[in-house]
Every structure is written in C-alpha cells, then in structure tokens.
Amino acid sequence: MTIIPPEELVPNDERFAFLTLARGRLRGQKLFAAGAIVLLIIIVMALLAPWITPYPQDAQGGVDPVNSLLAPSAQHWFGTDQVGRDVYTRVVFGARTSLLIVFSVLSLSVLIGVTLGVIAGYAGGWIRDVVMRVTDVFLAFPALLLSLALCIVLQPDLKTAILAITVTWWPWYTRLAAGVAASISGRAYMDAVRALGISPARAVFRHVLPNSLTPVIVQLSLDAGGIILTAAALSFLGLGAQEPTAEWGLMVSQGQDLFTTAYWVALFPGLAILVAAFAFNMLGEGMRTALDPRRGFTS
Amino acid sequence: MGRYLVRRLAQAALVVVGVVVLTFVIVRLLPGDPAAAYAGPRASPEDLARAREVLGLDKPVLVQLGMYMSGLVRGDWGTSLHTRLPVAHDLSIAFPASLELVGTALLFAVAIGIPMGLLAARYFGSPVDGGIRLGSMFVAAFPVFLLALIVQNLFATKLGWFPVAGEYDSKLDATSPLHLYTNITVVDALITGNWPIFLSTVHHLILPALVVAAYPIGVVTQMTRAAVSEESSLDHARLERALGFTPGQVLRRFSFRPSLNPILTLLALIFAYSLVNAFLVEAIFNWPGLGKYAVESIRSLDTAAVAGVTLIVALAYVLANLIVDIAQTFIDPRVRLS
C-alpha cells in the first residue's frame, strides 16, 4: 500500500483554476478587452502624469490668476479653472487619486472581508450567524450614507474617504466569501483535509481561501466602478479629498456654479469619472460573463 | 407562511437595533461637545456641567445608549442645531419630498428598465442585445452630479423646457394653497384636487427624477436581461417552445414571472441607494428633501440632524427589504415553502 502525501489529496491545480479558466475564456471577450485597454491607458497616463502634462505644477498648489477661466485651446486643451490652473493637467493627475482610492479600498475590503467570510463560512454554526448579522447591519446603510457620516465624524480628507468607503464595502466580500467557503467545506477533498488532521487555520488559508477567490476577483472588478463613483460623490460634497489635491469629484464641485459660463471646469473631470467607471464596469462584466460557472465548461 | 413571516420580522428587528447602535456609535464619535452646543457660546463651567447632566453625558455609555433608544421610540429624535426644530419634525417634511423624487425615479426605472431588459433577453446575443447591454452599463457608470449639471443646463437653462430648480412654483402658494396630508406634494395636490400645484410639481419633478433614475434604469435593465435570459435557457422554456409557443410568448408568459424575484430584491436595494444618490441631485436642483437637509446639517456639524438622516434612510431600507421579501412570498411560492 502506498501512502499518498497529504498535499496530493488536495487538488493543487484548483488553486490556479482562476488563471487557466481566465486565459481560455477571456479570449474573444470584447467587453473585457475594451475595458482592459481603456484602463491600461488610464493607468499609464496616471504613472506618466508629470511627463505628459504641460503644467505639472498646477496639480499641486500652483495658481495663475491672470489665465483664469480660459476656454479650451491649443495651450490649454481642457481650458483653465477659476484660479488659472490647467484643467487637462489636473484631470490626468486626478487619475492617480482615483486609482489610489480604488486600489486601497479594494485591497483593504478584501483583506478584512474575505478573511472574515472564509472563517465564518468554514466554521459555520453560531460564528457564521454572528458574522452574518453584523454584515446585515452594515449593509442596511447605503455605502454613500455611511461613508458620508464617517467622513463628517473624522477629519475629511483623502485618507478618511478611503477608510470610510472601506467600512461600507467589506461586508459584501464577507457574504460572498462565506457562501463560497461554506460550499467548499462541504466537498469531499475538505473531508480528506480534515481526516488528515490538518489544523483548521491551515485548512482555511491553504485550502479554502485559494478556491474562494474566483468569484471574489469577478466581484472586485464589478465593484471598482462603484467605488470611483462613491469617492467622487464624497468629494463632490466636500467630504473627500481637499484642495489642492487633483480629484475629479472635487473638480466638478468647484466648477458646478460656472457650468453655464465655463462648462469645461466641471465637464472634463466629470467625463473622466464616467470613462473610468465605465471601463471598470466593462472589465467586470466581461469577466463575469467569461467566468460565470453556470455557463459550464463547454461553451 | 406564518413561521417565515415571524422569522423575517425578528431578523428585521435585530437589524434595526444594530442600525441604531451603529448610528449611536458614529454620533458619539462626532467632533465637538454637544453640551457646549446646547449651553451656547457664553456658557460658564457651571452651565456646561448642567448641560451635561440634562443631556445625560455624565452617565455611562450604555445608559446613554438606552436613553437614546427610548427617546427614538417616543419620537424624540433630538433638536436640530441649525433649524432649531425637533429633528423628527424636520424629517417629516424632508423625507416625503425625497420619497417623491426617488419614487418617481423608480417608476421610470421600472417603466424603462424592464421593457429594455425583456427586449435584450428576447434577442439575446444579437446586436440589439449588445446595444442595450452597453447602453445600460453606460448610464449606470454616469456620475449622477455630472448628469444633473448637464441635464439642468441643457433642458432648463438653455432650452427652457423645464424649470431650473425647486419643487413647484412658490407663487401658487398664494393663489391655490396646498393642504398637507402626507407631506408628499404631488400626492397631496392630487387627492385635494389642487391641479395648479399638481401640474407644477410634475413639471418640476421630471428632470431631477430622470437624473436619479439613470442608475436604476441601467441596473434594472441588466438584471431583467440576466434573469429572464437565464430562465429562458431552462428546460421548461424548451418544452414551451416545443409545444408551439412563440419565443415572445414564452418570455412573457413563462420566463418573466419567475424573474420578478431578483428584480424586486434589486429594487429594494437601489431604493436606498437612490435615496442617498438623490442627495447630490437635490443639492443641484434645490429640491427640499433629505439631501438638502443633510448637506446643511453637515455644514453646521449638526449631530442630531445627521444621526436622524442616517437613521431614517437605514430604516427605510430595512422596511423596503421587508416589504419586498413579503411580496415575494405571494409572487413566488418557492420562497414561503422553503
């Protein structure tokens, strides 16, 4: 009789199921491709911002009152705002702020939400009940509302906004991960894991967690657009990033009273929010269609 | 059915208690000393101590939580610092105005989103479906405040088709005063037969409601499309087609009703989301709802008012969810039997 080493009883390749699946299925997904290309352009522009903008000093405190509220022209593609800053420069730098918010909120939410969810789903029983009731309470507040209340309580700035959105976002991942983890812990190979005397902690983080990631990754890309919109709404209300940070929502809010006379101050940052959120939505939708388990392995 | 109802009600009650506790925690974190605000700017240390006693701030936190809860139940939601009126009274005026706006927006969402979703599901995979799908994702990605600014400028300021701001023409208050019953202007005007105010409100309502509706239209379309097309791929739909029903008939008679459940659940979710999203639209269209009240409360660090707004939106959401869950048991017997 041969003794099978414990690791081989666990389908190791499932850990990378997401990647293999994704490679095959994302091919030919036009939505995914379109979203990915636009996002790539946004990311590259954000990284290269100081080199591809004509007036990088305008992204910080620079003012130029003589040239205030100029209409779009060859010198100022998107015109200038009320203190003479180049709107194009600030829109490009704003991409940095938005991406920073999206990635911070998503990674923090996943860290908290998925960890808690996987533990709750694997443990089951009263632990799961308590965790689910807590998420119920958090989910009873619309994301923007709870973030709003928190941003007032704490000093409003970029860090607070990130924190506040995270507080409203993690419960979604907890619920998602708990559901997946519960279904995984019922599978035969998890019985094997338990029979081998592998500790619960190791079982959760080494065997349940990696297999719960596919739906989480799909959800992440679907959520990113919503986070961009929430962050922009917060700063539009003056509760997110503060002057002189280049942030799209803040820029729209600064230009809103000028909309009839100098539309460009609010319009271009607003369109930037739209393009970024739309690109993330396309990416997420494309991913969901490609990876939807209900589609089966044949189509 | 009875057991399901009891369990569902108990769960809602538990969430309400949690919501109150969380609101209390947030309020306790608010900067500024409520006692100082209560006692006024020229208060002596003795005045402050008395204010602390009156407000119960000298008691243990748990006792304060108990006092806060019993106050809420008695209808004492505190006094707003900026309007100097009871918060419960302010909310009883602001909340119906928001409800009017969001309710109309959800009507638009259902009236436009469901037919669009059905159309996409009917021609699943065709260019029609692709167009609807892309369009619905596009409107859902639109930042609501940008849409509000564009629509207001184009259709109100430039073209003059709609009024720029407000709930109705305030000159009408003199010529045909409105009797209030529900505090929802459009409803009160309708039941009292006050046609000038009714028409004026509807005219004022269309633009902001369409703006608030943009996101719900997008997601209702997507959800209808997904649910109905999935239902049409099941065996029962294949049988119905084999029996000679046309694809359109299968969709309308057999695939649509089971798809109503996820759509209704979604509506409860976007009701609360839109209530808060409407804050931004109300600010731009100067609509006298919760959003305007919330923004003013935020500016004046008005603790009680902010807590009131937070609480009422969360409660509205819990209630909407409860109503939807109960409605589902009538639409879909699988819910009450499971």
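These numbers were taken from a predicted model, which means no experiment stands behind them.

1. Considering the overall build of chain A
Then, number 1: When helices and strands are counted, chain A shows 12 helices and zero strands.
Then, number 2: For chain A, the α and β elements follow one another from N to C terminus as α-α-α-α-α-α-α-α-α-α-α-α.
Then, number 3: Residues counted as buried form 49% of the 299 residues belonging to chain A.

2. Examining the overall build of chain B
Then, number 1: When its secondary structure is counted, chain B shows 15 helices and zero strands.
Then, number 2: With the C-alpha coordinates of chain B rotated into their principal frame, the extents come out at 85 × 55 × 35 Å.
Then, number 3: Out of the 338 residues belonging to chain B, those deemed buried represent 41%.
Then, number 4: Relative to all contacts within chain B whose residues are 6 or more apart in sequence, the contacts with residues 24 or more apart total 70%.

3. So, the interface of chain B and chain A
Then, number 1: Every contact between the two is made by 33 residues of chain B and, on the other side, 31 residues of chain A.
Then, number 2: Mapped by element, the contributors of at least two residues to the side of chain B that touches chain A are α1 (2-29), α6 (127-140), α7 (144-158), α12 (247-285), α13 (290-299) and α14 (303-331) of chain B.
Then, number 3: Of the residues contributing to the side of chain B that touches chain A, the split by class is 28 nonpolar, five polar and no charged.

4. Concerning helix α7 (residues 143-153) of chain A
Then, number 1: Taken across its 11 residues, α7(A) has 11 buried, putting it largely inside the fold.
Then, number 2: Residues of α7(A) that are buried include every one of A:A143, A:L144, A:L145, A:L146, A:S147, A:L148, A:A149, A:L150, A:C151, A:I152 and A:V153, and no others.

5. Some words on the domain arrangement of chain B
In many analyses, interface size is given as the accessible surface area lost on bringing the parts together.
All names here are of chain B.
Then, number 1: For chain B, the assigned domains are domain 1 (2-74) and domain 2 (87-337).
Then, number 2: In this complex, domain 1 contributes 13 residues to the contact, which on the side of domain 2 involves 12 residues.
Then, number 3: Counting residues per element, the side of domain 1 that touches domain 2 draws most heavily on α1, which supplies nine residues.
Then, number 4: Residue composition of the side of domain 1 that touches domain 2, by class: 10 nonpolar, two polar and one charged.

6. Some words on the nonpolar core
Then, number 1: Membership of the largest hydrophobic core comes to 185 residues, with the highest contact counts inside it found for A:I228, A:I273, B:V144, B:F145, B:A148, B:L280 and B:V313.
Then, number 2: Looking at this core, the element that brings in the most residues is α12(B), giving 20 residues.
Then, number 3: Each of domain 1 (2-74) and domain 2 (87-337) of chain B accounts for three or more of the residues forming this core.

7. A word on the packing of helix α10 (residues 195-232) of chain B against α12(B)
Residues and elements named next belong to chain B.
Then, number 1: Closest axis-to-axis distance for the α10/α12 pair is 7 Å, and the angle between their directions is 155°. For the element pair α10 / α12, the angle class is roughly antiparallel. For the element pair α10 and α12, the recorded crossing hand is right-handed.
Then, number 2: Partitioned by chemical class, the residues of the contact of α10 with α12 number 22 nonpolar, six polar and one charged.

Calculation rules
Residues numbered from 1 in each chain as written. Chains lettered and ligands numbered in written order. Predicted model: local features only at pLDDT ≥ 70, side-chain atom pairs only at ≥ 80, totals over all residues. Helix = DSSP H or I, 4+ residues; strand = E, 2+ residues; numbered from the N terminus. Buried ≥ 20, exposed ≤ 12 C-beta atoms within 10 Å, placed from the backbone. Contact = placed C-beta atoms within 7 Å. Nonpolar A, V, L, I, M, F, W, Y, C, P; charged D, E, K, R; others polar. Domains from an automatic or database assignment. Core = buried A, V, L, I, M, F, W, Y, C linked by C-beta atoms within 7 Å. Axes fitted to C-alpha atoms, helices over the stretch in contact; angles between N-to-C directions. Parallel < 35°, antiparallel > 145°, perpendicular 65-115°, else oblique. Left-handed = near helix turned anticlockwise from the far one by under 90°.

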